[in-house]
Structure formats: structure tokens, C-alpha cells
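Listed here are the chains, written in short residue letters.
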Amino acid sequence: CTVCWCYPNENKCGSVSPFKFKQLKIKICLNGVRFQSKQLAFSASLLASGSGYTGPFNTDITLIFRNVVTNIGNAYNPNTGLFTAPVRGVYHFDFHIHGHGSTNPTSAVLVKNGEQIFTSWTHQPAGAQKASNGVSLLLEIGDVVFLRMRANSRIYDNTDNHTTFSGHLLFTM
């Protein structure tokens, strides 16, 4: 595979050493095909305003994080709660859920294409509680990642943004 560097908005290409290649962050061409490295990152909290609980419900629900702080690349949809991978690569996701003492647990599951990947769960009868988890995943174009709140759980958020979902592209493959 031939690796060369390319200046943005120019048609100049030349060979480059592996060290120099790491310093160039804009465009590259492989075997004469040019492309630009994709930059993707999102971070959102559950509620767009105010404070309150989501749940409990008698069935699992998709959590929709409406207070979007960052959405570079627009791969996260704040209307559906779904992150859709626009490029093949390794992505890192983390999530934090908050609750107050209750008979109901505070619980969420990170889901990839309908398959449960990682869970975050906590339960105590009194006081504040927080649970977190994170994972790096190889995603193909069109793969979907989201958080699902478990049935009979309840999650709290307010303007302090306690309950969050974030993800970013580590590198393309």
C-alpha cells in the first residue's frame, strides 16, 4: 500500500516517512485514493432542562439524551437517542447514570445492534447513587449504539447533568 501526504485543497502528493505521516492530521491518500480522516465525538446529558426522573416503566426503553453538548460529525441523534457509525473504526463509549434511593434500581445497558454489551446498575434504599461503565467497540458503517433503561428502573437528571452518554472515534480501520 502506497502512503502519501496531501495538502488540503491542493493536488500535491508525495511520499512520507511513517514518523512524518503521524504528524500530518489532514488528508492522506492510499494507492491514489484520497480521503479525509473523520472526526467524531458526542456528549449529551439526559434532560434538556429542568429536573426529574425517567421511569419506572414496565418495559425496557431507549434513553434519549436531549441536552447535546458536543456532536461533531452529527452521528448521535438527539431525537432517537441512537448513535450510528458513519465509518468503520474503533469507538469508545462511556455512560454515567444517577438515581436517588428508591425501591427501584438505577440501571442502563449499552446496546450495539440490539445486543447487550455492558450494563451499569446500582440500588440502595436511601441517598444518591451513581453507576458508570465504558467500552471500546469495533463498529462497521451503519452499526447502531444506544443506551436502554431496564424495566422497573428509574434514572434521575437535572441541570447539573448527572446522567450522561458520550462517545468518540478512536481510529478508523
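That block above? That's the structure.
For clarity, every value in this text was computed on a predicted model and none was experimentally measured.

Student: Just checking my understanding: could you explain the environment of histidine 168 for this structure?
Tutor: With respect to the element layout, histidine 168 can be found in strand E17 (residues 164-172). In sequence terms histidine 168 and valine 90 are 78 residues apart; their C-alpha atoms lie 8.8 Å from each other. Once you skip the residues sitting within four places of it in the chain, histidine 168 turns out to touch Leu40, Ala41, Val90, Tyr91 and His92.

Student: Just checking my understanding: could you explain the side chain of arginine 154 for this structure?
Tutor: Tracing the backbone shows arginine 154 in the loop between strand E15 (144-149) and strand E16 (155-157). Within the buried core, arginine 154 has no salt-bridge partner, and the shortest N-O distance to an opposite charge, that of aspartate 157, equals 13 Å. Here the side chain of arginine 154 touches tyrosine 53 through a polar contact of 3.4 Å, side chain to side chain. Apart from the residues within four sequence positions on either side, arginine 154 is in contact with Tyr53, Thr54, Gly55, Pro56, His100, Gly101, Ser102, Asn104, Pro105, Thr106 and Met149.

Student: Mind showing me how you'd approach unusual backbone geometry here?
Tutor: For residues other than glycine, phi is negative in most cases, and the peptide bonds are mostly trans. Omega for the bond connecting glycine 55 with proline 56 falls within 30 degrees of zero, at 5°, which places this linkage in the cis form. You can see proline 56 is positioned in the loop between strand E6 (52-54) and strand E7 (61-62). If you check the backbone angles, asparagine 113 has positive phi at about 50° while not being a glycine. For asparagine 113, the location among the structural elements is in the loop between strand E12 (106-112) and strand E13 (115-122). The phi torsion at asparagine 152 lies on the positive side, around 65°, for a residue other than glycine. Structurally, asparagine 152 is set in the loop between E15 and E16.

Student: Help me understand the nonpolar core in this model?
Tutor: Here is a general trend for soluble globular proteins: nonpolar side chains tend to be buried in one another's company. Counting 27 residues, the largest nonpolar core has Phe83, Tyr91, Phe93, Leu110 and Phe165 as the members making the most contacts within it. If near-sequence neighbours (up to four positions away) are discounted, phenylalanine 83 is found in contact with Phe42, Ala75, Tyr76, Tyr91, Phe93, Leu139, Asp143, Val144 and Val145.

Student: Just to check I follow, could you spell out a nonpolar patch on the surface for this structure?
Tutor: Side chains of Leu138, Leu170, Phe171 and Met173 sit close together on the surface and give an oily, nonpolar patch of about 380 Å² of accessible area. Residue placement: leucine 138 occurs in strand E14 (residues 128-139).

Analysis parameters
- Counting restarts for each chain, with residues numbered from 1 along the sequence as it is written.
- In view of the model being predicted, local features appear only for residues whose pLDDT reaches at least 70, and side-chain atom pairs are presented and counted only at 80 or more, with totals across whole chains, interfaces and linings using the full set of residues.
- Just so you know, side-chain values use all the structure's heavy atoms and leave hydrogens and water out.
- Put simply, DSSP H or I for four residues or longer makes a helix, DSSP E for two residues or longer makes a strand, and each gets a number counted from the N terminus.
- Residue contacts follow a heavy-atom distance rule, with two residues in contact if any of their heavy atoms lie within 4.5 Å.
- Categorising residues by exposure relies on relative accessible area from a 1.4 Å probe, with only protein chains included: less than 20% of the type maximum marks a residue as buried, more than 50% marks it as exposed, and the intermediate range marks it as partly exposed.
- Residues scored as positive are Lys and Arg, those scored as negative are Asp and Glu, and His as well as the terminal groups of each chain are ignored.
- Any Lys or Arg side-chain nitrogen located within 4 Å of an Asp or Glu carboxyl oxygen qualifies as a salt bridge.
- Identification of polar contacts relies on pairs of N or O atoms within 3.5 Å, with a donor-acceptor requirement for protein atoms, meaning one able to donate a hydrogen and the other able to accept it, and with residues adjacent in sequence counted only if both atoms are side-chain atoms.
- Buried residues of nine kinds, namely Ala, Val, Leu, Ile, Met, Phe, Trp, Tyr and Cys, make up a nonpolar core once their side-chain atoms join them within 4.5 Å.
- Candidates for patches are residues over 30% relative accessible area with no salt bridge; among them, like charges are joined within 9 Å and nonpolar side chains (Val, Leu, Ile, Met, Phe, Trp, Tyr) within 5 Å.
- Residue-level accessible areas treat just the shown protein chains as cover; the underlying method is Shrake-Rupley with a 1.4 Å probe.

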